[in-house]
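So the chains spell out like this:
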Amino acid sequence: MSILTESVKNIIVVASGKGGVGKSTVAVNIAVALAQKGLKVGLLDADIYGPSIPLMLGLKDEKPQYYKDENGNDVFVPYEKFGLKISSIGTYINNDDALLWRGPMAASVFTQLLTSTAWGPLDYLIIDSPPGTGDIQLSLVQTVGVTGAVIVTTPQEVAYVEARKAVTMFRKPEIKVPVLGLVENMSWFTPAGHPDEKYFIFGKDGGKTIAEDLHIALLGQVPLIGHICETADKGLPAVAAGDETYTKVFADITDELIKMVEIRNSVMKPTEAVQTNPDAEGCGAAN
């Protein structure tokens, strides 16, 4: 049974070619920034092996909530916080457990969370995808029509190869998920108390170069600020904490994202779920 219906207007997947680029941080703050604009927003943590959303949103000690529908199927009740409806496998497992699941089992659990959560009417469902181009991404595009993808990278030159893989996966003919834009994270380091100082410790404008080379929009650049990591570890996203720099950065990023979604929806038909098996075509080895 799927209760993910047409009441969810736009499904946006936040993805990256590699881990460690701050993809979950970007996904969470985009979701909160969208909610702050008065939109109805859901956030799904799709990183089955390394769910970080419960920690970042202060939900790691929460107990799962679900009920049985008239057919005896489990329906998951999303948590509500910061104006979001939130679902994550991290709230269904012990914090210290290591999930020894093969790809198909992880993909099955992800699909159940996606389709059996009582999201209700949403303007945006933001999906925090695991890094890479594997089972979860394939299950996603085979289950629902994804409105578009946002790629997260860092400025380093080495990040170009991995970002390109993520873009290539979504652009494959058998998938055809529009890439709405790229967010460059950790663009520069700003010490706490010195907001005007910028140190380009990972290089400068690498994300801009990637976006130009791949012909996608650069939605924005996100600085690295010392105290922000501390607030995230305490379950308070930077945008929700009221940090002026991050609030402005993510307000601008979400404005650009909304604009790209509106353009995409005005010139393209809704994306349909993939009917074929893209893995058989080598999608998992995008290059």
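Residues numbered from 1 in each chain as written. Predicted model: local features only at pLDDT ≥ 70, side-chain atom pairs only at ≥ 80, totals over all residues. Heavy atoms only, no water.

### Description of the sheet that holds strand β10 (residues 218-225)
So, step 1. One open sheet holds the eight strands; their spatial order is β5-β6-β2-β7-β1-β8-β9-β10, and the pairing between them is mixed. The open sheet terminates on both sides in strands that have one partner only, identified here as β5 (79-81) and β10. Mean inter-strand twist for the sheet, computed between neighbouring axes without regard to direction, equals 25°.
So, step 2. Pairing of strand β8 (residues 148-153) with strand β9 (residues 179-190) involves five bridges; the strand directions are parallel. Of the residues in β9, the one forming a bridge with Ile 151 is Leu 182.
So, step 3. Across the sheet, helix α1 (residues 23-36) is in contact with β1 (8-15), β2 (41-45), β6 (84-88), β7 (122-128), β8 and β9; its angle to β7 comes to roughly 170°.
So, step 4. Along the sheet face, helix α5 (residues 159-171) touches β1, β8 and β9 and points at about 170° away from the line of β8. (Pairing = 2+ DSSP bridges. Helix = DSSP H or I, 4+ residues; strand = E, 2+ residues; numbered from the N terminus. Axes fitted to C-alpha atoms, helices over the stretch in contact; angles between N-to-C directions. Contact = heavy atoms within 4.5 Å.)

### Some thoughts on the packing of α1 against helix α9 (residues 244-267)
So, step 1. One way to put it is that α1 packs onto α9 with a least axis distance of 9 Å and a crossing angle of 80°. On the basis of the axis angle, α1 is roughly perpendicular to α9. The residues of α9 that touch α1, namely those facing Val 26, Asn 29, Ile 30, Ala 33 and Leu 34, are Phe 250, Ile 253, Thr 254, Leu 257 and Ile 258.
So, step 2. Broken down by class, the residue content of the contact of α1 with α9 amounts to eight nonpolar, two polar and no charged. (Parallel < 35°, antiparallel > 145°, perpendicular 65-115°, else oblique. Nonpolar A, V, L, I, M, F, W, Y, C, P; charged D, E, K, R; others polar.)

### Brief notes about the confidence of the model for the chain
So, step 1. Across the chain, pLDDT averages 84, with 88% of residues at or above 70.
So, step 2. Mean pLDDT values over the elements of the chain span from 71, in helix α7 (residues 226-233), up to 96, in β7.
So, step 3. This model gives residues 280-287 a pLDDT under 50, and the stretch forms 17 contacts once residues within four places in sequence are excluded. (pLDDT = per-residue confidence, 0-100.)

### Some points on the side chain of Asp 128
So, step 1. Checked against the element boundaries, Asp 128 lands in strand β7.
So, step 2. At 2.8 Å, the side chain of Asp 128 forms a polar contact with the side chain of Lys 23. (Polar contact = N/O pair within 3.5 Å; in protein donor to acceptor, adjacent residues only side chain to side chain.)

### What about the nonpolar core?
So, step 1. Within the largest apolar cluster, 40 residues are counted, with the highest numbers of intra-cluster contacts made by Phe 110, Leu 125, Ile 127 and Phe 170.
So, step 2. For this core, the secondary structure elements donating two or more residues are β1, α3 (103-116), β7, α4 (135-143), β8, α5, β9 and α6 (206-214).
So, step 3. The element best represented in this core is α3, accounting for six residues.
So, step 4. Among all residues touching Phe 110, those that are not within four sequence positions of it are Leu 44, Ala 46, Ile 48, Ile 127, Ile 136, Ser 139 and Leu 140.
So, step 5. With 39 residues, the next largest nonpolar core counts Val 41, Ile 225, Tyr 246 and Val 261 among its residues. (Core = buried A, V, L, I, M, F, W, Y, C linked by side-chain atoms within 4.5 Å. Buried < 20%, exposed > 50% of the residue type's maximum accessible area, 1.4 Å probe, protein only.)

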